[in-house]
Amino acid sequence: MPAERLHLVRHGEVHNPRRVLYGRLPGYGLSADGRRMARQAAEYVHGLERAVSALVCSPLQRARESAEPFTEIFGLEPLIDERVIEPTNVFEGKRMARALINPWNWRHLRKPALPSWGEPYADVVGRMNAAMTQAWDAAEAGDVVIVSHQLPIWITHLAVAGQPLRHDPRVRRCALSSVTSFEMVDGTWTEIAYAEPASTAGAVDVGAV
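Notes on the structure in this doc start here.

Basis of the calculations
Residues numbered from 1 in each chain as written. Predicted model: local features only at pLDDT ≥ 70, side-chain atom pairs only at ≥ 80, totals over all residues. Heavy atoms only, no water. Helix = DSSP H or I, 4+ residues; strand = E, 2+ residues; numbered from the N terminus. Buried < 20%, exposed > 50% of the residue type's maximum accessible area, 1.4 Å probe, protein only. Contact = heavy atoms within 4.5 Å. Polar contact = N/O pair within 3.5 Å; in protein donor to acceptor, adjacent residues only side chain to side chain. Axes fitted to C-alpha atoms, helices over the stretch in contact; angles between N-to-C directions. Parallel < 35°, antiparallel > 145°, perpendicular 65-115°, else oblique. Nonpolar A, V, L, I, M, F, W, Y, C, P; charged D, E, K, R; others polar. Pairing = 2+ DSSP bridges.

Tracing the chain through its elements places Glu119 in the loop between α3 (96-99) and α4 (121-138). Glu119 sits in the buried class, given a relative accessible area of 15%. When the C-alpha positions of Glu119 and Glu86 are compared, they lie 9.5 Å apart, and in sequence the two are 33 residues distant. The contact partners of Glu119, leaving out residues within four places of it in the chain, are Arg24, Pro87, Thr88, Leu114, Val124 and Arg127.

What follows deals with the environment of Glu191. With respect to the element layout, Glu191 can be found in strand β6 (residues 188-195). Residue class for Glu191 comes out partly exposed when judged on its relative accessible area of 24%. As for Glu191 and Arg36, which are separated by 155 residues in sequence, their C-alpha atoms are 26 Å apart. Reaching out from Glu191, the side chain makes a polar contact with the side chain of His157 at a distance of 2.6 Å. A distance of 2.8 Å separates a polar atom in the side chain of Glu191 from a polar atom in the side chain of Arg173.

Bringing the packing of α4 against helix α5 (residues 150-161) into the picture now. In the contact formed by α4 and α5, the axes pass within 9 Å of each other and the chain directions differ by 90 degrees. The orientation of α4 with respect to α5, classified from their angle, is roughly perpendicular. Seen from α4, the contacting residues are Tyr121, Val124, Val125, Met128 and Met132; seen from α5, they are Leu151, Pro152, Ile155, Thr156 and Ala159. Its residues assigned to classes, the contact of α4 with α5 comprises nine nonpolar, one polar and no charged.

Attention now goes to the sheet that holds β6. Picture the strands of a sheet paired through backbone hydrogen bonds; they go either parallel or antiparallel. Spatially, β3-β2-β4-β1-β5-β6 is the arrangement adopted by the six strands of the open sheet, whose pairing is mixed. Each edge of the open sheet is held by one strand with a lone partner, namely β3 (79-80) and β6. Here strand β5 (residues 179-185) pairs with β6 via seven bridges, running antiparallel. Among the inter-strand pairings, Met184 is bridged to a residue of β6, identified as Trp189. Lying on the sheet, helix α1 (residues 32-47) is in contact with β1 (5-10), β2 (52-57), β4 (143-148), β5 and β6; it crosses β5 at an angle near 40 degrees. Sitting on the sheet, helix α2 (residues 61-74) is in contact with β1, β2, β3 and β4, with an inclination near 165 degrees to β2.

Pasting the structure below:
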């Protein structure tokens, strides 16, 4: 039998003292608060009192570290899946406030619906759907947890809701260590819940693409 519910979990706060857009850059792990947030997300899922049979995560350090509490609580080793990774972005390593006032960078903003500064939204939807569907079908009942990143989770939400993929990154509903839950019925994803179990007061969240 396939899974019963799938949870997309965003990673916790990243140690990012330079306030750059870190994207896929190496060396960006969780802060101390980020580890606490990841633990709170895992405890929230545990508190649902549902069996969790599979754990998947992005290969990036912050996602692997955010998966650790799930391993501790549920006894599951994460399957690393490149398809749930952060999208590419030409502004990696830059502070966005500075990058956007440089006229040389404006060429990357010419087609925001794609977007022209990184991986096309449609491609993100495609790879996330493929990863989610495979994890769902491979699970032996129970729930699946996938630890991913803000944009892939938010774009999946928009696609499932039938909304345009073009959006303002400043208004995404995808907080640090949030949990967005789905079920699949007759081959169609339905979002059934969104939760922010982690305390994020004072958190730094400026590195998402």
